[in-house]
Amino acid sequence: MDAYTLSPEAQERSDRAQAALEQACLHRFGLRWPGPDEHALLAGKRLSASRLATRFGLIDADQAEHYGYHAPPWSLHNTEFQRAMATTDRVHASGDVEKVLHGLVRDWKGSAVPEGGCRGEAFRTLAPDVKQANYRDLPRRLTAQAAKEAAEDPQVIAKSRQWASCMSRAGHRYASPTAAARDPRWARSREPGGRETAVAEADVRCKKVAGYLATLLETTARRQRLLIDQHSHELGQLKQYQAERAANVNKALAARTAPSGRPRQGKG
């Protein structure tokens, strides 16, 4: 299903293209705006990468040793990470720039402001086909459905029992990896303790011994392929939308103003 979602790198390019188009639009109205800062421009990429890294739970031995079941600094579940992401929505634009950027006025010095302001215009320039854009949420929903079905698959359940037996031999009694991760004791402290990291390290080790992760991955992929076949038309439309949008992103980035103030010369 990853083929139908933006990679972290593609998300960053998209966000930079959006900002470039917003700046170009404001320039038409004689307004100057430096755009989002680097932290904001990288926010989407960081969120995308975090989702990919956490989708199968705790699977990394180094993470288990250092953080136990506590969320690492880059995790969506980390409080500091959430705070940092929340600040990225605060666009540092005020006064006249804010009015035209967000479309708070219909007219600016005799020129009509686009619907939704320069932000709305930039979005439509990158994604002109609204009908195809309606499918953007489909991969997330299908991924969630495949994950639920995989967790209920007999092969995965059998591997979970093997994992539980391995954990029991190590002195840790849990019915499933989820139960270990959600042990209420871990939430009582801000930092992972020795007991927690010991359980987490055994968790990762037992997943490998039982072949739990390999089975979960294979089962999840199989479920996803079935869903892709069932929704081939919608996903085909989404791929076309993504290809067109990627071309628009490339065009917007190529047209960014060079430091000298002259438009960059593109090829072709």
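Residues numbered from 1 in each chain as written. Predicted model: local features only at pLDDT ≥ 70, side-chain atom pairs only at ≥ 80, totals over all residues. Heavy atoms only, no water.

Trainee: Before we go on, may I ask you to explain the state of the cysteines in this structure?
Mentor: Taken as a whole and judged by the stated rule, the model has 2 disulfides. The disulfide partner of Cys25 is Cys118, and the S-S distance across this bridge is 2.0 Å. Between Cys25 and Cys118 the sulfur-sulfur dihedral comes to about -70°; the bridge is accordingly left-handed. Of the two residues, Cys25 is situated in helix α1 (residues 8-28) and Cys118 in helix α7 (residues 117-126); the sequence distance between them amounts to 93 residues. Classification of Cys25 as buried rests on a relative accessible area of 0%. Using a relative accessible area of 0% as the deciding quantity, one classes Cys118 as buried. (Disulfide = S-S within 2.5 Å. Helix = DSSP H or I, 4+ residues; strand = E, 2+ residues; numbered from the N terminus. Buried < 20%, exposed > 50% of the residue type's maximum accessible area, 1.4 Å probe, protein only.)

Trainee: Please explain the packing of aromatic side chains as it appears in this structure.
Mentor: The description of two aromatic rings rests on the distance between their centres and on the angle between their planes. Per the counting criterion, the structure on display carries 1 aromatic pair. Centre to centre, the rings of Tyr69 and Trp186 are 5.9 Å apart; their planes meet at 15°, and the pair counts as stacked. Linking Tyr69 in the loop between α4 (61-67) and α5 (79-87) with Trp186 in the loop between α11 (177-181) and α12 (194-210), this pair joins segments that are 117 residues apart in sequence. Its relative accessible area of 15% is what places Tyr69 among the buried residues. A cation over an aromatic ring shows up here: Lys239 above the ring of Tyr4, its NZ or CZ 5.5 Å from the ring centre. (Phe/Tyr/Trp six-rings, centres within 6.5 Å; stacked < 30°, edge-to-face > 60°. Lys NZ or Arg CZ within 6 Å of the ring centre and 35° of its normal.)

Trainee: Looking at this structure, I do not really get the environment of Ala180. What am I missing?
Mentor: Mapped onto the fold, Ala180 is located in helix α11. Ala180 sits in the buried class, given a relative accessible area of 0%. Once the C-alpha coordinates of Ala180 and Tyr69 are considered, the two residues, 111 residues apart in sequence, prove to be 8.7 Å apart.

Trainee: I tried to follow the packing of helix α10 (residues 154-169) against α12 on my own but got confused; where do I start?
Mentor: When two helices pack together, their arrangement is given by the angle between the helix axes and by the axis-to-axis distance. Across the interface, α10 lies against α12 with an axial gap of 9 Å and an inter-helix angle of 130°. On the basis of their axis angle, the class for α10 and α12 is oblique. Crossing of α10 against α12: the hand is right-handed. Residues Lys159, Gln162, Trp163, Cys166 and Met167 of α10 form the contact with α12, whose own contacting residues are Val199, Ala202, Asp203, Cys206, Lys207, Val209 and Ala210. Across the contact of α10 with α12, the residue classes tally to 8 nonpolar, 1 polar and 3 charged. (Axes fitted to C-alpha atoms, helices over the stretch in contact; angles between N-to-C directions. Parallel < 35°, antiparallel > 145°, perpendicular 65-115°, else oblique. Left-handed = near helix turned anticlockwise from the far one by under 90°. Contact = heavy atoms within 4.5 Å. Nonpolar A, V, L, I, M, F, W, Y, C, P; charged D, E, K, R; others polar.)

Trainee: Please clarify how the pattern of salt bridges should be interpreted in this entry.
Mentor: Close approach of charged atoms allows side chains with opposite charge to pair. Applying the stated rule across the entire model yields 15 salt bridges. Glu12 is the partner of Arg16 in a salt bridge, and the nearest nitrogen-oxygen pair spans 2.9 Å. Here Arg16 and its partner Glu12 are both found in helix α1, 4 residues apart, which amounts to about one turn of the helix. Across this residue pair, the class does not change: Arg16 and Glu12 are buried. Here Glu149 makes a salt bridge to Arg223, at a shortest N to O gap of 3.9 Å. With a gap of 74 residues between them, Glu149 in helix α9 (residues 138-151) and Arg223 in helix α13 (residues 212-230) connect regions that are remote in the sequence. Take Arg223: its relative accessible area is 23%, and that puts it in the partly exposed class. (Salt bridge = Lys/Arg side-chain N within 4 Å of Asp/Glu carboxyl O.)

Trainee: What exactly am I supposed to notice about the side chain of Glu196 here?
Mentor: Along the polypeptide, Glu196 turns up in helix α12. Arg185 provides the closest opposite charge to the buried, unpaired Glu196, separated from it by 8.9 Å. Ignoring sequence-local partners within four residues, the contact set of Glu196 consists of Tyr67, Gly68, Tyr69, His70 and Trp186. (Lys, Arg positive; Asp, Glu negative; His and termini not counted.)

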